[in-house]
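What follows is the residue order along each chain.
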Amino acid sequence: LQEALAGNLDMQARFVDIRDISVLLEGQEAGGYHVNMWNQGDFASPWLILHYDNIDEGLNDLMYTNEFRRALSHAMNRDRINEVVNLGLAKPRQFALSAESPEFQSEEGKAFYQEWANSYIEYDPELAMSLLDSIGVVDADGDGWRDRPDGTPLDVIVDVPSGDQSQLDSMDLIKQDWDAVGLKTTLNVQDWTIIDQRIGSGETFIMAWPGAAAWGLISAPAGWTPVENATYNTGGQLFGIYYQTGGAEGLAPRPGSMLEQLQTAYRELVTIVDEQERYQKLLAAYQIHLDDGPISIGTVGEHPSPVIVKNNFHNVPLNGLTASWDLGYPGTTDPEQYFIGQ
């Protein structure tokens, strides 16, 4: 921010906090720059990646129980997150990939997308508590916090990467929401290196991941199906290792589970040549996220994202995405034709 205000940036397209927009706009003339508003393109920030590959089987039992996951989702006040952290400019929503993905462009695809993006997002703490009660996640010892069904303590630990203040602020609000329904929540704020190690060793229960843009089979399929050896792999990295090694390493999803069904669906999808048939079956695969969801949990997404451009830095498009490693922005905006006017 300070570098921008001082006029020292030719262009900055990522990691500009939307809450700084008023200061940036006020400083345009003095700093000799202007602000373009791109789209972060994200399906949720933070995106809560639920892990089903923990070394603690009791935690896995809970995570595989959809009433538990739905309770987590319904306990979250997404409108509050949007207003406090994003100036009300983003959109409360469920995890559902990016709306620009080609399989969502048909009328059927658009309708399905809206259903998915709005699934299980109503703020309803009473419903959340009822769901927890129904699976035996109750306060067994009278200390004010809900315990596991076997009566042992339950600590909902969320691994949160340090350095992204908006994500930390969002997670503080989510912690308050989960605490309020009796789930003792701990935010484990760590460097990425530590978080990667915890994921790889099966120690992670939930991870808060900065939002990004991902498209179906084109970009980051690990966002919706557990098939990649990646820290953001749906369900947990160990499932992706299992898929990629043909079962020689890693961990298999539980037989018959939604995670196994997603792997099976992906295995068929990548063999389909006909585009329309592939889109149809891809939507059918996403239906698993609706029927057994949420498998991952979305919070607030589709953020407008400020892009800082020096006034003598030309040919930068007015529109684009700022949060996509896989889709290649801003590389796909032909930066070779950017130029600095003398």
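Residues numbered from 1 in each chain as written. Predicted model: local features only at pLDDT ≥ 70, side-chain atom pairs only at ≥ 80, totals over all residues. Heavy atoms only, no water.

## Regarding the overall build of the protein chain
For step 1, the next point in the chain: If you tally the helices and strands in the protein chain, you get 13 helices and 11 strands.
For step 2, the next point in the chain: On C-alpha atoms alone, the protein chain measures out to a radius of gyration of 21 Å, which is about the 20 Å that the 2.2 N^0.38 rule sets for 342 residues.
For step 3, the next point in the chain: Its C-alpha atoms give the protein chain principal-axis dimensions of roughly 70 × 50 × 40 Å.
For step 4, the next point in the chain: When each of the 342 residues of the protein chain is scored for burial, the buried share is 52%.
For step 5, the next point in the chain: Taking as baseline every contact in the protein chain between residues at least 6 positions apart, the subset at least 24 positions apart corresponds to 73%.
For step 6, the next point in the chain: Of the accessible surface of the protein chain, which amounts to about 14400 Å², a share of 50% is contributed by carbon and sulfur atoms.
For step 7, the next point in the chain: When the 19 basic and 51 acidic side-chain charges of the protein chain are each reduced to a single mean position, those positions are 2 Å apart. (Helix = DSSP H or I, 4+ residues; strand = E, 2+ residues; numbered from the N terminus. Rg over C-alpha atoms; globule rule 2.2 N^0.38 Å. Buried < 20%, exposed > 50% of the residue type's maximum accessible area, 1.4 Å probe, protein only. Contact = heavy atoms within 4.5 Å. Areas by Shrake-Rupley, 256 points an atom, 1.4 Å probe, with all protein chains shown as cover. Lys, Arg positive; Asp, Glu negative; His and termini not counted. Charge placed at Lys NZ, Arg CZ, Asp CG, Glu CD.)

## Topic: the packing of helix H5 (residues 66-74) against helix H8 (residues 125-134)
The axes of two packed helices give the description: the angle between them and the distance between them.
For step 1, the next point in the chain: Taken N-terminus to C-terminus, the directions of H5 and H8 make an angle of 160°; their axes are 8 Å apart at the nearest point. When the axis of H5 is compared with that of H8, the two are roughly antiparallel. Seen along the crossing, H5 lies across H8 with a hand that is left-handed. Listed contacts from H8 to Glu67, Phe68, Arg70, Ala71 and His74 of H5 are Pro125, Leu127, Ala128, Leu131, Leu132 and Ser134.
For step 2, the next point in the chain: Looking at side-chain class alone, the contact of H5 with H8 contains 7 nonpolar, 2 polar and 2 charged residues. (Axes fitted to C-alpha atoms, helices over the stretch in contact; angles between N-to-C directions. Parallel < 35°, antiparallel > 145°, perpendicular 65-115°, else oblique. Left-handed = near helix turned anticlockwise from the far one by under 90°. Nonpolar A, V, L, I, M, F, W, Y, C, P; charged D, E, K, R; others polar.)

## Side note on the sheet that holds strand S1 (residues 11-12)
For step 1, the next point in the chain: If you walk across this open sheet you meet the 3 strands as S1-S9-S2, and the pairing is antiparallel. A single partner strand is all that each edge strand has here, and the edge strands are S1 and strand S2 (33-39). (Pairing = 2+ DSSP bridges.)

## Considering the nonpolar core
For step 1, the next point in the chain: Formed by 75 residues in total, the largest nonpolar core has its most connected members in Trp178, Leu183, Ile206 and Trp224.
For step 2, the next point in the chain: Non-local contacts of Leu183, meaning those with residues more than four positions away in its chain, are made with Phe68, Leu72, Leu132, Val137, Trp145, Arg146, Leu154, Val156 and Trp178. (Core = buried A, V, L, I, M, F, W, Y, C linked by side-chain atoms within 4.5 Å.)

## A word on the packing of aromatic side chains
For step 1, the next point in the chain: Scanning the entire structure with this criterion turns up 16 aromatic pairs.
For step 2, the next point in the chain: Each ring, one from Tyr52 and one from Tyr64, has its centre 5.1 Å from the other, and the planes form 65°; the classification is edge-to-face. Placement of Tyr52 in the loop between strand S3 (47-50) and helix H4 (57-63) and of Tyr64 in the loop between H4 and H5 is noted, with a sequence separation of 12 residues between them. Of the two residues, Tyr52 and Tyr64, both sit in the buried class.
For step 3, the next point in the chain: Pairing Phe95 with Trp116 gives two aromatic rings, centres 5.8 Å apart and planes at 85°, and the pair type is edge-to-face. Residue Phe95 is found in the loop between strand S4 (91-92) and helix H7 (107-117), and its partner Trp116 is found in helix H7; the two are separated by 21 residues along the sequence.
For step 4, the next point in the chain: Cluster of aromatic residues (ring-pair linked, three or more members): Trp47, Phe95, Phe104, Phe112, Tyr113, Trp116, Trp224, Tyr243, Tyr266 and Tyr286. (Phe/Tyr/Trp six-rings, centres within 6.5 Å; stacked < 30°, edge-to-face > 60°.)

## Points about helix H10 (residues 192-200)
For step 1, the next point in the chain: When we look at burial in H10, the residues that qualify are Ile195, Arg198 and Ile199. In an axial view of H10, the angular spread of the buried residues amounts to 100°, which keeps them on one side of the axis.
For step 2, the next point in the chain: Looking at the buried side of H10, the elements it contacts are strand S5 (156-161), strand S6 (185-190), strand S7 (206-209) and helix H11 (237-244). (Arc of directions from axis to C-beta.)

## A short note on the sheet that holds S5
For step 1, the next point in the chain: The 4 strands are arranged S3-S7-S5-S6 in an open sheet whose pairing can be described as mixed. Each having just a single partner strand, S3 and S6 make up the two edges of the open sheet. Adjacent strand axes in the sheet meet at a mean angle of 25° when their direction is disregarded.
For step 2, the next point in the chain: Its contacts with the sheet place H10 against S5, S6 and S7, and it is angled at close to 135° to S5.

## Brief notes about the pattern of salt bridges
For step 1, the next point in the chain: Taken as a whole and judged by the stated rule, the model has 13 salt bridges.
For step 2, the next point in the chain: Among the ionic pairs, Arg146 bridges to Asp133, the shortest N-O distance being 2.7 Å. One end of the pair, Arg146, is in the loop between H8 and S5; the other, Asp133, is in helix H8, and 13 residues separate them in sequence.
For step 3, the next point in the chain: For Asp133, a relative accessible area of 42% corresponds to the partly exposed category.
For step 4, the next point in the chain: Residue Lys175 is joined to Asp179 by a salt bridge in which the shortest nitrogen-to-oxygen separation is 3.0 Å. Here Lys175 pairs with Asp179, and both are found in helix H9 (residues 165-180), just 4 residues apart, close to one helical turn. (Salt bridge = Lys/Arg side-chain N within 4 Å of Asp/Glu carboxyl O.)

## Focus: H7
For step 1, the next point in the chain: Turning to H7, its buried residues are Gly109, Phe112, Tyr113, Trp116 and Ala117. Buried residues of H7, seen end-on, are gathered within an arc of 125° and therefore sit on one face of the element. Looking at H7, the residues exposed on the side facing more than 90 degrees away from the buried face are Glu107 and Ala111.
For step 2, the next point in the chain: The inward-facing, buried residues of H7 contact helix H13 (275-291).

## Observations concerning the side chain of Arg148
For step 1, the next point in the chain: Tracing the backbone shows Arg148 in the loop between H8 and S5.
For step 2, the next point in the chain: We classify Arg148 as buried; its relative accessible area is 16%.
For step 3, the next point in the chain: Within the structure, the side chain of Arg148 is placed 2.8 Å from the side chain of Asp56, a separation counted as a polar contact.
For step 4, the next point in the chain: Here the side chain of Arg148 touches Pro153 through a polar contact of 3.2 Å, landing on its backbone oxygen.
For step 5, the next point in the chain: Leave out the neighbours within four places in its chain, and Arg148 touches Asp56, Gly58, Leu59, Gly136, Pro153 and Leu154. (Polar contact = N/O pair within 3.5 Å; in protein donor to acceptor, adjacent residues only side chain to side chain.)

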